[in-house]
Amino acid sequence: MLRCSLPLQVSGCDFAGTVAAIPEGTETDLKVGDRVYGLADGWAPWASDGSFAQYTVVTAANAARIPEKVSYTDAAGIPIAGLTAWQALDVAGLEAGSGKRVFISSGAGGVGTFAVQLAKLWGLHVTTSASPANADFLKELGADEVYDYHKKNLVELYKNNPFDAVIDSRGGKEQWELRRVLKRQGALVDIMNSGYLRDYGWAGRLVQGYSYLRQKLTAAVRLGPSITPFFVKAHRQDLTQLVGLVAEGKVRVVIDRTLPLGEAAAAHDYMTKGHAKGKVVLLVEEDN
């Protein structure tokens, strides 16, 4: 769970827009008027200059140009979710073209839709979890198999055909199941470490600590898979590569819905219910 200094001035991290001004002395190749996207300076939990506003403050290293073929709406749906998927697959040690088997939880979510597509682009065998209603959609994105999480028979299905890696965006109780379908030398990347608080309350921190310690020890003596708590990093080169894939039509940005900036609270509430397909994007009205 992210801890923030209260009161927050402006929330939000993803942004897409036009460079309005650049302070004198800033070292950057960006220019006023450039179309850019990335992470506002409020993306980190200790900052407050977020993107839920008409203007936002951006560190040049956290922004990349938007190709002409990519809309502002699509660009705004990429940063956190796209970077998380991109970097988590890298942390898992999955080599492109290896054909290794990866399990991606919550495939229809923001991170999941990117992770499924990127993993397939990297030549991996992709299994993801979702409701039956999203199965065909995820296969269109590149999933080889879609596990119906309602059936809760994950271990029964895959214990004899374990995965090389798991990208886990749920955490908590479900993570115990996911570990049981990993190869002994496999890797689990935990990108939702607040799942323990969700499932166990404040005692979840103790459960989480015990869980990580146990997993680190078993991995150290090669008796079980590794587990890596993961937090995304702002990285301009990664942003440039991601939006390039979108421009080339190799990756699709899945937008569940767009809402006006004034409905930011409603958008956040909708996302926290966990039923969004892809991303929700807030639109800022231009001045007349």
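Please read all numbers here as calculations on a predicted model, not as lab measurements.

Undergrad: Which parts of the structure should I look at to understand the overall build of the chain?
TA: From N to C terminus, the chain includes 10 helices and 11 strands. The burial tally for the chain puts 46% of its 288 residues in the buried class. Within the chain, counting contacts between residues at least 6 apart in sequence, those at least 24 apart form 64% of the total. Taken as a whole, the chain presents about 15000 Å² of accessible surface, with 52% of it coming from carbon and sulfur.

Undergrad: How should the pattern of salt bridges be read in this particular structure?
TA: Opposite charge on two side chains permits pairing when their charged atoms draw close. Summed over the entire model, instances satisfying the criterion amount to 10 salt bridges. Among the salt bridges present, the one from Lys120 reaches Asp144, with a minimum N-O distance of 2.8 Å. Residue Lys120 is found in helix H3 (residues 110-121), and its partner Asp144 is found in the loop between helix H4 (135-141) and strand E6 (145-148); the two are separated by 24 residues along the sequence. Residue Lys120 is classed as partly exposed on the basis of its relative accessible area, which comes to 34%. Since its relative accessible area comes to 31%, Asp144 is described here as partly exposed. Its salt-bridge partner being Asp164, residue Lys183 comes within 2.9 Å of it at the nearest N-O pair. Highlighted residues: Lys183 in strand E8 (residues 182-190) and Asp164 in strand E7 (residues 163-168), separated in sequence by 19 residues. Via salt bridges that share partners, Asp29, Asp34, Arg65 and Arg236 belong to a single interconnected network.

Undergrad: What exactly am I supposed to notice about the pairing of E8 here?
TA: Consecutive residues of a regular strand have side chains that alternate between opposite faces of the sheet. In this structure, E7 lies alongside E8, joined through 5 bridges in parallel fashion. Bridge pairing in E8 links Phe163 to Leu182. Relative to strand E9 (residues 226-229), E8 runs parallel, the two sharing 4 bridges. Bridge pairing in E9 places Asp190 opposite Pro229.

Undergrad: Which parts of the structure should I look at to understand the packing of aromatic side chains?
TA: Working definition: an aromatic ring pair is given by the centre-to-centre distance plus the angle between the planes. Evaluation of the coordinates by the stated rule reveals 4 aromatic pairs. Aromatic side chains Trp86 and Trp122 sit 6.0 Å apart centroid to centroid with 75° between the ring planes, which places their arrangement in the edge-to-face category. Taken together, the residues span a long stretch of sequence, with Trp86 in helix H2 (residues 79-91) and Trp122 in the loop between H3 and strand E5 (125-130) at a distance of 36 residues. Classification of Trp86 as buried rests on a relative accessible area of 14%. Over the face of the ring belonging to Phe163 we find Arg101, whose NZ or CZ atom lies 4.3 Å from the ring centre. Sitting over the ring of Phe137, Lys277 keeps its end group 4.6 Å from the ring centre.

Undergrad: Explanation requested: the sheet that holds strand E2 (residues 35-39) in the structure shown.
TA: What links the strands of a sheet is backbone hydrogen bonding, and the strands pair in either a parallel or an antiparallel sense. Taken together, the 3 strands give an open sheet; going across it, the order is E1-E2-E3, and neighbouring strands pair in antiparallel fashion. Two strands in the sheet have a free side with no partner beyond their single neighbour: strand E1 (14-18) and strand E3 (63-65). Neighbour-to-neighbour, the strand axes of the sheet open up by a mean angle of 25°, direction not taken into account. Relative to E2, E1 runs antiparallel, the two being bridged by 5 bridges. The residue bridging Ala16 from the neighbouring strand is Tyr37, located in E2. Contacts from H2 reach E1 and E2, with the element oriented near 65° to E2. Where helix H9 (residues 236-247) meets the sheet, its contacts fall on E2 and E3, and the angle it forms with E3 comes to roughly 35°.

Undergrad: I keep staring at the sheet that holds E6 and nothing clicks. Help me out?
TA: The strand order across the open sheet built from 6 strands is E6-E5-E4-E7-E8-E9, with neighbouring strands paired in parallel fashion. Two strands lie at the open edges of the sheet, namely E6 and E9, each paired on one side alone. With direction set aside, neighbouring strand axes in the sheet form an average angle of 20°. On the sheet, H3 packs against strand E4 (101-104) and E5 and is oriented at approximately 170° with respect to E4.

The rules behind the values
Residues numbered from 1 in each chain as written. Predicted model: local features only at pLDDT ≥ 70, side-chain atom pairs only at ≥ 80, totals over all residues. Heavy atoms only, no water. Helix = DSSP H or I, 4+ residues; strand = E, 2+ residues; numbered from the N terminus. Buried < 20%, exposed > 50% of the residue type's maximum accessible area, 1.4 Å probe, protein only. Contact = heavy atoms within 4.5 Å. Areas by Shrake-Rupley, 256 points an atom, 1.4 Å probe, with all protein chains shown as cover. Salt bridge = Lys/Arg side-chain N within 4 Å of Asp/Glu carboxyl O. Pairing = 2+ DSSP bridges. Phe/Tyr/Trp six-rings, centres within 6.5 Å; stacked < 30°, edge-to-face > 60°. Lys NZ or Arg CZ within 6 Å of the ring centre and 35° of its normal. Axes fitted to C-alpha atoms, helices over the stretch in contact; angles between N-to-C directions.

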